[in-house]
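Examining the three-dimensional arrangement
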Amino acid sequence: MLIDHYGRAITYLRISITDRCNLRCAYCQPASGLSWIPEDKLLNKDDFVRLAKAAASLGITKIRITGGEPLVHPDVLEIIERIGAIPGIQDLSLTSNAILLEEMAKPMAAAGLKRVNISLDTLDPEKYRRVTRFGDFNQAWKGIMAAEEAGLSPIKLNTVVVGGFNDDEIPALARLSLDHPWHIRFIELMPVANSNDWGNGLPPVNQRYVSVQTMHEMLADLSLEPEATSANSGPERTFRIPGAPGTVGFISPLGEHFCARCNRLRLTADGRLRSCLLVDKEISIRDAIKSGADLEAFLMKAVEEKPRGHELHDHNCPDTRCMSQIGG
Ligand code: SAM
């Protein structure tokens, strides 16, 4: 079992299998000027599986495949199938924008995927196109429906709340949990290399941040009731509208410091272990993976160096990568 300096058990690994994405969400990556990591610097499917096996041997039980957009990776089905078969991996999930899920939900389920998190920031097709820079809301919605039909469960919808853009939709999004057994999760905007002007009529930097406390106030009419938290629930706080089949959750890196419950490590598509999403400290494991070296030692080192928490309150914001290059 991996235990860090602060007594946190590290049981969860997020693997970003690609930095490529079929959208350009404004808060996640710039509209232009971001070049893809060169092909020869990326890990391949065998590398991801090797690292996942080493992680499982050290007590990692939960793996999430992310990106970029993981569904644009040509080997995503094989990666899911092989990682899902590793002894000790009890929970394998995926984060996607759902654009390709209409065609891929069934094959993903057949490959062994059990559940999926889907990014959806608005229910308005025109706003969806603006924030994603060219995405088609209806295509994403069809993807969500296809995920449900394929039996992927639970479906979690992630909404990054941006003041002056989609904060007025918080109640409508939360009410989706009344009609569907979905988990609607509101995420505070994280200041990760995104202080630039987003264009497309999107709000300026000083208007964007909305705290979870404000989100709660906006949902006061829905009488949210807290759900019991499990040891595995990570940074999310979960609630339910009385009688709803689904839930409403909040992820709050700033409003409520969530680091004390962090159980994660991250692997970037170019082979760097990152022990904190919001601190730019990484260990390169690429050469070790390629050379067949002992990967356990690198994982242990990353855990050993895991910071107690981020330092956003001291204005120390990560700026070497944008979120699409980390995986969220
Ligand atoms: N392409 C996939 C998707 O759209 O979900 C996976 C990659 S995306 C980087 C993973 C998660 O990071 C998404 O839920 C996204 O909303 C979140 N994310 C990206 N930038 C963010 C930011 N600045 N603040 C908070 N969450 C962010």
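For the structure itself, look to the data block above.
Attention here is on the structure that accompanies the text. (Residues numbered from 1 in each chain as written. Predicted model: local features only at pLDDT ≥ 70, side-chain atom pairs only at ≥ 80, totals over all residues. Heavy atoms only, no water.)

1. Here we look at the packing of aromatic side chains
Stated precisely, the cut-off is as follows: Stacked, tilted and edge-to-face pairs are distinguished by plane angle, under 30 degrees for stacked and over 60 for edge-to-face with tilted covering the rest, among Phe, Tyr and Trp rings (Trp via its six-membered ring) whose centres lie within 6.5 Å. Helix and strand assignments follow DSSP, with helices taken as H or I runs no shorter than four residues and strands as E runs no shorter than two, numbered in order from the N terminus. Three labels apply to residues, based on accessible area from a 1.4 Å probe with only protein chains included: buried if under 20% of the type maximum, exposed if over 50%, partly exposed otherwise in between.
For the structure shown, the criterion picks out five aromatic pairs. Each ring, one from Phe186 and one from Phe250, has its centre 6.0 Å from the other, and the planes form 35 degrees; the classification is tilted. With Phe186 in strand E8 (residues 183-188) and Phe250 in strand E11 (residues 247-251), this residue pair connects regions lying 64 residues apart in the sequence. In this structure, Phe186 and Phe250 share a single accessibility class: buried. Look at Phe239 and Phe250: their rings are 5.6 Å apart centre to centre, the planes differ by 80 degrees, and that puts the pair in the edge-to-face class. With Phe239 in strand E10 (residues 236-240) and Phe250 in strand E11, the pair connects residues that are 11 residues apart, well separated along the chain. Phe250 gets classed as buried once you look at its relative accessible area, which sits at 2%. In textbook terms, an aromatic cluster arises when at least three aromatic residues are bridged by ring pairs, as seen for Tyr128, Phe137, Trp141 and Trp182.

2. Looking at helix H6 (residues 170-179)
Where we set the bar: The directions considered for the arc run from the helix axis to the C-beta atoms.
Looking at H6, one finds that the buried residues are Ile170, Leu173, Ala174, Leu176 and Ser177. Viewed along the axis of H6, the buried residues span an arc of 130 degrees, placing them on a single side of the element.

3. Description of the layout of surface pockets
Heads up, the condition is: In this analysis the probe radius is 1.4 Å and the grid spacing 1 Å, with only protein atoms considered; a cavity is a set of points the probe fits into but cannot get out of, a pocket is an open set with protein on both sides within 12 Å along at least five of seven lines, and lining residues have an atom within 4 Å of a point. Grid points are joined across faces, edges and corners, and a volume is the space filled by probe spheres set on the points.
Its boundaries defined by the atoms lining it, the second largest pocket holds a volume of some 200 Å³. Along the walls of the second largest pocket sit Leu189, Met190, Pro191, Ala193, Asn194, Ser195, Val205, Arg208, Tyr209, Leu254 and Cys317, which together make up its complete lining.

4. Thoughts on the side chain of Asp47
What counts here: Whenever two N or O atoms come within 3.5 Å, that pair is a polar contact, provided that in protein one can donate a hydrogen and the other can accept it, and provided that, for residues adjacent in sequence, both atoms are side-chain atoms. Residue contacts follow a heavy-atom distance rule, with two residues in contact if any of their heavy atoms lie within 4.5 Å.
Within the secondary structure, Asp47 is located in helix H1 (residues 45-57). Polar side-chain contacts of Asp47 include one of 2.8 Å to the backbone nitrogen of Asn44. Asp47 has contacts with Ile289 and Lys290, leaving out every residue within four places of it along the chain.

5. Digging into the packing of helix H3 (residues 101-110) against helix H5 (residues 137-149)
Using the following cut-off: Lines fitted to C-alpha atoms define the axes here, with helix axes fitted over just the stretch in contact, and angles between the N-to-C directions of these axes take values from 0 to 180 degrees. Note on terminology: angles under 35 degrees are roughly parallel, angles over 145 are roughly antiparallel, angles of 65 to 115 are roughly perpendicular, and the others are oblique. In this scheme the handedness of a crossing depends on how the near helix is turned from the far one: anticlockwise by less than a right angle means left-handed, clockwise means right-handed. Throughout this entry, Asp, Glu, Lys and Arg are counted as charged residues, while Ala, Val, Leu, Ile, Met, Phe, Trp, Tyr, Cys and Pro are counted as nonpolar. The remaining residues, Gly among them, count as polar.
At a minimum axis distance of 7 Å, the contact between H3 and H5 shows a crossing angle of 20 degrees. When the axis of H3 is compared with that of H5, the two are roughly parallel. Crossing of H3 over H5 shows right-handed handedness. Facing H3, whose interface residues are Leu101, Glu102, Ala105 and Lys106, H5 presents Gln139, Lys142, Gly143, Ala146, Ala147 and Glu149. Residues that form the contact of H3 with H5 fall into these classes: four nonpolar, two polar and four charged.

6. As for the pairing of E11
Cut-off, in case you're wondering: Between any two strands, pairing holds if DSSP finds at least two bridges.
Here E11 lies mainly inside the structure; five of its five residues are buried. As judged from the five bridges shared by E8 and E11, these two strands associate in the parallel manner. Of the residues in E11, the one forming a bridge with Phe186 is Phe250. Direction of pairing for E10 relative to E11: antiparallel, over a ladder of four bridges. Each residue of the ladder has a partner; that of Glu236, found in E11, is Ile251.

7. A closer look at the pattern of salt bridges
Selection rule: When a carboxyl oxygen of Asp or Glu is within 4 Å of a side-chain nitrogen of Lys or Arg, the pair counts as a salt bridge.
Enumeration over the complete set of coordinates arrives at 22 salt bridges. Here Arg20 makes a salt bridge to Asp19, at a shortest N to O gap of 2.8 Å. As far as the burial class goes, Arg20 and Asp19 line up, both buried. With a shortest N-O distance of 3.0 Å, Glu227 and Arg240 are connected by a salt bridge. Taken as a pair, Glu227 in the loop between strand E9 (225-226) and E10 and Arg240 in strand E10 lie far apart in primary sequence, 13 residues in all. Classification of Arg240 by relative accessible area gives partly exposed; the value is 24%. Here the salt bridges do not stand alone but share partners, grouping Asp270, Arg272, Arg274, Asp280, Glu282 and Arg321 into one network.

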